[in-house]
Amino acid sequence: MAGKISIDTERCKGCGLCVMICPKKCILTAPDSNQNGYFPAQATNAGCTGCAQCAIVCPEGIIEVCWDDAERIRIVEIAGKPDAPRLIEEKA
Amino acid sequence: MKAVHKRTPVLKDCPTHYCPGCGHGIAHRILAEVIDELGIQGRTIGIAPVGCAVLAYNYLDVDMIEVAHGRAPAVATGMKRTNPDSIVFSYQGDGDLAAIGTAEILHAAHRAEPLTVIFINNAVFGMTGGQMAPTTTLGQVTATTPAGRQARGEGYPLQVSEILALLPGTVYVERCALSGTVSIKRAKAAIKHAFELQMDGAPGLSLVEVLSPCPTYWRMSPGDAMKWIKEEMSQVFPIARLKG
Ligand code: SF4
Ligand code: SF4
Ligand code: SF4
């Protein structure tokens, strides 16, 4: 597994943007609501590549993305988009 | 495992009051990331608008003031002139900048004030209940245009950025969107550029217009709101680097 995300589900508003955007479909909507009555996003991390697209669309800023160090170099090379690796490298 | 994307320090660690899927949250985050990346937290002064983002100062950990509706560019002018070493930005919605504050933004731009303006355009008055704004698109249903906006009687969507780009007092005008990961990254790069211009002492105003989803008053799911920006709103407000 290359990537792993964690979501602060108590602060999630269940907007579903991360669920919609994840190319690996590894974020689901939880069946139970949080304290505020929202049905939060739930990370399964199955097949997560650590692309961080979920974190980029999240309006609440509550998704943290981690990478396996060994896999990281591979992703930077494959991504090939000028902005993506820069953002990610600076945050590493 | 190493964290590659986490909450940036300028974005205060607290929940927002925004509706689920609101673009303001995304705009705040990229703005906070830019301030952190440029290392200007200590000398940045923000001007909060009236509108849904009226509480922006609760979320951004920089010095901020809240001003009367639409007057942000006027107050920012005074701020910058008396604190020339500070980096001054205003964060304004379309009701604030394109309706009641049209005079202020136009004249701040025509005076070539070296400010950075973040203009959030969501085509409605969100805070007051989703009424028509000058930026509402033709045919768009709002609380005050239940049959859709008609040019005859209600006028055309106001393209503020195009108008400002014509003025010699602006150095940079770009329109971006929050409609997906690529456009969000583009918006962040534009905001960064606008701040860099001010840091470099560029002789004029820089403005980034951000087409931002308001799922509540567009009466759509957050995902559909992003699609609507891509498919409909950006036809009326083309995504483009208009100047600089
Ligand atoms: S990092 Fe990418 S693959 Fe992993 S959950 Fe987020 S969007 Fe999906
Ligand atoms: S994008 Fe953020 S707020 Fe929206 S469902 Fe995902 S984690 Fe929750
Ligand atoms: S009304 Fe619209 S702009 Fe205001 S917080 Fe809700 S979604 Fe955001």
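Structure's up top.
Now for a look at the structure at hand. (Residues numbered from 1 in each chain as written. Chains lettered and ligands numbered in written order. Predicted model: local features only at pLDDT ≥ 70, side-chain atom pairs only at ≥ 80, totals over all residues. Heavy atoms only, no water.)

**Description of the overall build of chain B**
- For chain B, the helix and strand inventory stands at nine helices and ten strands.
- Counting every position in chain B, which comprises 244 residues, the buried fraction comes to 56%.
- If you take every contact in chain B between residues at least 6 apart in sequence, the share linking residues at least 24 apart comes to 69%.
- Summed over all atoms, the accessible surface of chain B reaches about 9000 Å², with 57% contributed by carbon and sulfur. (Helix = DSSP H or I, 4+ residues; strand = E, 2+ residues; numbered from the N terminus. Buried < 20%, exposed > 50% of the residue type's maximum accessible area, 1.4 Å probe, protein only. Contact = heavy atoms within 4.5 Å. Areas by Shrake-Rupley, 256 points an atom, 1.4 Å probe, with all protein chains shown as cover.)

**Details of the interface of chain A and chain B**
- Taken residue by residue, the interface counts 37 residues in chain A and 32 residues in chain B.
- In total, chain A and chain B occlude about 3000 Å² of area from one another, counting both sides; carbon and sulfur atoms represent 60% of this.
- Here chain A and chain B share one salt bridge between them.
- A salt bridge links D13 of chain B to R11 of chain A; the nearest nitrogen and oxygen atoms lie 3.0 Å apart.
- Along the contact surface separating chain A from chain B lie 13 residue pairs in polar contact (both at pLDDT 80 or more). (Buried area = accessible area lost by both parts, 1.4 Å probe. Salt bridge = Lys/Arg side-chain N within 4 Å of Asp/Glu carboxyl O. Polar contact = N/O pair within 3.5 Å; in protein donor to acceptor, adjacent residues only side chain to side chain.)

**With respect to the pairing of strand β4 (residues 87-93) of chain B**
All names here are of chain B.
- Most of β4 sits inside the fold, with seven of its seven residues counted as buried.
- Side chains I87, F89, Y91 and G93 of β4 all project onto a buried face; the interleaved residues V88, S90 and Q92 project onto the opposite face, where all are buried too.
- As judged from the four bridges shared by strand β2 (residues 44-48) and β4, these two strands associate in the parallel manner. Residue pairing for β4: G46 is matched across the bridge by F89.
- In this sheet, strand β5 (residues 116-121) lies alongside β4 in parallel orientation, the contact comprising five bridges. Across the sheet, residue F89 finds its bridge partner in β5, namely T116. (Pairing = 2+ DSSP bridges.)

**A word on the environment of W228 of chain B**
Residue and element names in this part refer to chain B.
- On the secondary structure map, W228 appears in helix α9 (residues 222-236).
- Along the sequence, W228 and W218 sit ten residues apart, while their C-alpha atoms lie 9.2 Å from each other.
- In this structure, W228 is in contact with T137, Q140, W218, M220 and M233, ignoring residues within four places of it in sequence.

**Remarks on the sheet that holds strand β9 (residues 205-211) of chain B**
Residue and element names in this part refer to chain B.
- The sheet built from seven strands is open, its strands ordered β3-β2-β4-β5-β9-β8-β10 with mixed pairing. Because the sheet does not close on itself, it has two edges, and the strands there are β3 (63-66) and β10 (240-243). Across the sheet, the mean angle separating the axes of adjacent strands is 15° when strand polarity is ignored.
- Here seven bridges tie strand β8 (residues 170-177) to β9, and the two strands are oriented parallel to one another. Considered in β9, the bridge of Y172 is made with S206.
- Running over the sheet, helix α4 (residues 102-110) touches β5, β8 and β9 and is turned about 140° from β9. (Axes fitted to C-alpha atoms, helices over the stretch in contact; angles between N-to-C directions.)

**Re the side chain of R11 of chain A**
- Among the secondary structure elements, R11 of chain A is positioned in the loop between β1 (3-7) and α1 (17-21).
- Note on R11 of chain A: relative accessible area 18%, which makes it buried.
- Engagement of the side chain of R11 of chain A in a polar contact is seen with the side chain of D13 of chain B, the distance being 3.0 Å.
- If we ignore the near neighbours within four places in the chain, the residues touching R11 of chain A are E60 and I62 of chain A together with R7, D13, C14 and P15 of chain B.

**As for the site of ligand 3**
Residue and element names in this part refer to chain B.
- Looking at ligand 3, the residues that line it are Y18, C19, C22, H24, C52, N122, G126, C214, P215, T216 and Y217.
- With three residues, helix α8 (residues 215-218) is the single largest residue contributor to the shell around ligand 3.
- Taken together, the residues of the shell around ligand 3 break down into seven nonpolar, four polar and no charged. (Near = heavy atom within 4 Å. Nonpolar A, V, L, I, M, F, W, Y, C, P; charged D, E, K, R; others polar.)

**So, unusual backbone geometry**
Residues and elements named next belong to chain A.
- Positioned with a positive phi, N45 is a non-glycine residue whose angle comes to about 65°.
- Structurally, N45 is set in the loop between β3 (41-43) and α2 (53-57).
- Classification of N45 as buried rests on a relative accessible area of 13%.
- Despite not being glycine, A52 has its phi angle at roughly 70°, a positive value.
- With relative accessibility at 2%, the residue A52 sits in the buried group.

**As for the nonpolar core**
- By size, the foremost hydrophobic cluster in this structure holds 44 residues, and its most contacted members are L31, F89, I118 and F195 of chain B.
- Elements represented by at least two residues in this core include exactly α1 and α2 of chain A together with α1 (23-38), β4, β5, β8, α7 (181-199) and β9 of chain B.
- Among the elements that make up this core, the one with the highest residue count is α1 of chain B (eight residues).
- Setting aside chain neighbours within four positions, we find I118 of chain B in contact with L31, F89, S90, Y91, Q92, I191, F195, V208 and V210 of chain B.
- If you look at the next biggest cluster of nonpolar residues, it comprises 20 residues, including V67, A98, V117 and V173 of chain B. (Core = buried A, V, L, I, M, F, W, Y, C linked by side-chain atoms within 4.5 Å.)

**Topic: α1 of chain B**
- The terminal C-alpha atoms of α1 of chain B, which comprises 16 residues, lie 23 Å apart, in line with the 22 Å expected from a rise of 1.5 Å per residue.
- Burial analysis of α1 of chain B places 14 of its 16 residues in the buried class, which makes it a mostly covered element. (Expected span 1.5 Å × (residues − 1).)

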